[in-house]
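# Descriptive analysis of the structure
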Protein chains: 2
Amino acid sequence: MPKSPRHPQPNQFALSAVLEALSDPIRRKIVQQLSQQGERSCSTFGAYASKTNLSYHLARLRLAGLVRIRPEGRRRMLSLRYDDMEARFPGLLRAVLASARNERSKIKTSEAPGRG
Amino acid sequence: MPKSPRHPQPNQFALSAVLEALSDPIRRKIVQQLSQQGERSCSTFGAYASKTNLSYHLARLRLAGLVRIRPEGRRRMLSLRYDDMEARFPGLLRAVLASARNERSKIKTSEAPGRG
DNA sequence: GCAAACGTCCAATGATTCTTGAACAATCAT
DNA sequence: ATGATTGTTCAAGAATCATTGGACGTTTGC
């Protein structure tokens, strides 16, 4: 694998890039998992996209400042840059994660209360 | 002008559509102005894009659930659907608006502490 | 060195998005 | 009805994004 990739600093984060990154369901899912389960290798997310495509999505998350990628052996460990995001855009990531959780339980809201 | 356009209900709002809508600087600027100055006519935002292009951006905001468009005479009045957004995705719009305000004051952060 | 495991980089393709201009529609004033 | 105002709709082009396959680089193990 190539060298360690570039990571922007918090004061370089662009709101447009962050929102674009989070607007994609695959990328949002990855961010969600990282927030729940902590650091993980790229291959953990192999089910969400092909190898190449996953690399593309991870690069977008990285360039937006949302994730950090750290080489370890022949793997690359992914982690959420929650604190950096919080420093730059307070409350934003938290709100998006909460909204994503909330949306999952969207199906069926008003209708047929029935008995169950 | 055609009939009154379609507006989705809060339980139909999609997080991806909302984040996509807010990821564009022009659309975010419009949302920002609406949040600060209340209801306004489309033409108020004529400086941000051409007539046709503006109509396109406003349609995206509308379909995402972010704005309501109401015909009044020969104008169309725009307003932010803040409460509907808050009901569907609590804290999200507030966080984005705060982030947008914050970003504006980004230029020059760490450098030349000097004496002032 | 050679092969397998894990990912990245590049070029190409298909799908969306953004932007524009021309034509159309509704309202207001004369 | 005529014309000006205010926006929408349609078709088309430019730009960007998403996805894929093939080649390549790095680490691990024989």
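Description of the structure in this document. (Residues numbered from 1 in each chain as written. Chains lettered and ligands numbered in written order. Predicted model: local features only at pLDDT ≥ 70, side-chain atom pairs only at ≥ 80, totals over all residues. Heavy atoms only, no water.)

### Comments concerning the overall build of chain A
Defined as follows: For the purposes of this entry, the term helix denotes a DSSP run of H or I that reaches at least four residues, the term strand denotes a run of E that reaches at least two, and both are numbered from the N terminus. Only protein chains enter the accessibility calculation, which uses a 1.4 Å probe; a residue is then buried when its area is under 20% of its type maximum, exposed when over 50%, and partly exposed in between. Whether two residues touch is decided by their heavy atoms; if any such pair falls within 4.5 Å, the residues are in contact. Surface exposure here means Shrake-Rupley accessible area, sampled with a 1.4 Å probe, where a residue is shielded only by the protein chains that are shown.
Of the regular secondary structure elements, chain A holds 5 helices and 3 strands. Going residue by residue from the N terminus, the α and β elements of chain A occur as α-α-β-α-β-β-α-α. The proportion of buried residues among the 116 residues of chain A is 42%. Within chain A, residue pairs in contact and separated by at least 24 positions form 67% of the contacts whose partners lie at least 6 positions apart. Of the roughly 6900 Å² of accessible surface on chain A, 49% is carried by carbon and sulfur atoms.

### Comments concerning the relation of the copies chain B and chain A
Put simply, the rule reads: Least-squares superposition of the copies uses the C-alpha atoms of those residues scoring a pLDDT of at least 70 in each of them.
Least-squares fitting of chain B to chain A yields an RMSD of 0.0 Å, with the transformation described by 0.0 Å of translation along the axis and a rotation of 180°. When the rotation and shift are considered jointly, the pair of chain copies conforms to a two-fold rotation axis. When you check the interface residues of chain B against chain A, 96% turn up at the interface there too, and the contact is symmetric in its surfaces.

### A short note on the nonpolar core
Just so we agree on the cut-off: Take the buried residues of types Ala, Val, Leu, Ile, Met, Phe, Trp, Tyr and Cys, join any two whose side-chain atoms come within 4.5 Å, and each joined set is a nonpolar core.
Judged by nonpolar contacts, the single largest core of 58 residues is most densely connected at Leu66(A), Leu78(A), Leu92(A), Leu66(B), Leu78(B) and Leu92(B). Apart from the residues within four sequence positions on either side, Leu92(B) is in contact with Ala95(A), Val96(A), Ser99(A), Leu15(B), Val18(B) and Leu19(B).

### Focus on the sheet that holds strand β2 (residues 67-72) of chain B
Residue and element names in this part refer to chain B. Operational definition: Note: two strands are recorded as paired if DSSP finds a minimum of 2 bridges between them. For every element, the axis is a line fit to its C-alpha atoms; helices are fit only across the contacting stretch, and the angle between N-to-C directions ranges from 0 to 180 degrees.
Strand order in the open sheet made by the 3 strands is β1-β3-β2, with antiparallel pairing throughout. Two strands in the sheet have a free side with no partner beyond their single neighbour: β1 (40-41) and β2. In terms of strand pairing, β1 meets strand β3 (residues 75-80) through 2 bridges, oriented antiparallel. Paired with arginine 40 across the two strands is leucine 78, which belongs to β3. Helix-sheet contacts for helix α2 (residues 25-37) involve β1, β2 and β3, and the interaxial angle to β3 is about 85°. Seen against the sheet, helix α3 (residues 51-64) touches β2 and β3 and runs at an angle of roughly 120° to β2.

### Some words on the interface of chain B and chain A
What counts here: Buried area: the sum, over both parts, of the accessible surface (1.4 Å probe) that disappears when the two are put together. Each reported salt bridge corresponds to a side-chain nitrogen of Lys or Arg within 4 Å of a carboxyl oxygen of Asp or Glu. Pairs of N or O atoms within 3.5 Å make up the polar contacts considered here, provided that, within protein, one atom can donate a hydrogen while the other can accept it, and that residues adjacent in sequence are counted only when both atoms are side-chain atoms. Classes in brief: Ala, Val, Leu, Ile, Met, Phe, Trp, Tyr, Cys and Pro nonpolar; Asp, Glu, Lys and Arg charged; the others, Gly included, polar.
On the chain A side, the residues contacting the 24 residues of chain B number 23 residues. Counting the surface lost from both chain B and chain A, the interface buries some 1900 Å², and carbon and sulfur atoms represent 55% of this. Ranking the residues of chain B by area buried against chain A places Leu15(B), Leu19(B) and Ser99(B) at the top, with a combined share of 25%. Linking chain B to chain A there are 0 salt bridges. At the junction of chain B and chain A, the tally comes to 7 residue pairs in polar contact (both at pLDDT 80 or more). Elements that contribute at least two residues to the side of chain B that touches chain A include exactly α1 (15-23), α2 and α5 (92-104) of chain B. Of the residues contributing to the side of chain B that touches chain A, the split by class is 11 nonpolar, 8 polar and 5 charged.

### Focus: the pattern of salt bridges
Counted according to the given criterion, the structure contains 10 salt bridges over all chains. Arg68(A) is the partner of Asp84(A) in a salt bridge, and the nearest nitrogen-oxygen pair spans 3.4 Å. Of this pair, Asp84(A) sits in helix α4 (residues 82-88) while Arg68(A) sits in strand β2 (residues 67-72), placing them 16 residues apart in sequence. Asp84(B) serves as the salt-bridge partner of Arg81(B), at 2.9 Å between the closest nitrogen and oxygen. Among the residues examined, Arg81(B) registers a relative accessible area of 4% and is labelled buried. What makes Asp84(B) partly exposed here is its relative accessible area of 21%. One salt-bridge network, held together by shared partners, links Glu39(A), Arg70(A) and Glu72(A).

### Description of the side chain of Asp24(A)
Residue and element names in this part refer to chain A. Formally: The convention is simple: Lys and Arg are positive, Asp and Glu are negative, and His and the chain ends are not counted.
Summarising the element assignment, aspartate 24 is placed in the loop between α1 (15-23) and α2 (25-37). Among buried charged residues, aspartate 24 stands out as having no salt bridge; its nearest opposite-charge side chain is arginine 27, 4.3 Å away. At 2.8 Å, the side chain of aspartate 24 forms a polar contact with the backbone nitrogen of isoleucine 26. At 3.2 Å, the side chain of aspartate 24 and the backbone nitrogen of arginine 27 are in polar contact.

### What to know about the packing of α1(B) against α5(B)
Residues and elements named next belong to chain B. Operational definition: Any angle that is under 35 degrees is reported as roughly parallel, and any over 145 degrees as roughly antiparallel; angles of 65 to 115 degrees are reported as roughly perpendicular and all others as oblique. Here a crossing is called left-handed whenever its near helix is offset anticlockwise from the far helix by less than a right angle, and right-handed whenever the offset is clockwise.
At a minimum axis separation of 12 Å, α1 and α5 run at an interaxial angle of 20°. Between α1 and α5, the angle falls in the class roughly parallel. Crossing hand, α1 versus α5: right-handed. Contacts from Leu15, Val18, Leu19 and Leu22 of α1 reach α5 at Leu92, Leu93 and Val96.

Purely spatial values, then, with no claim about function.
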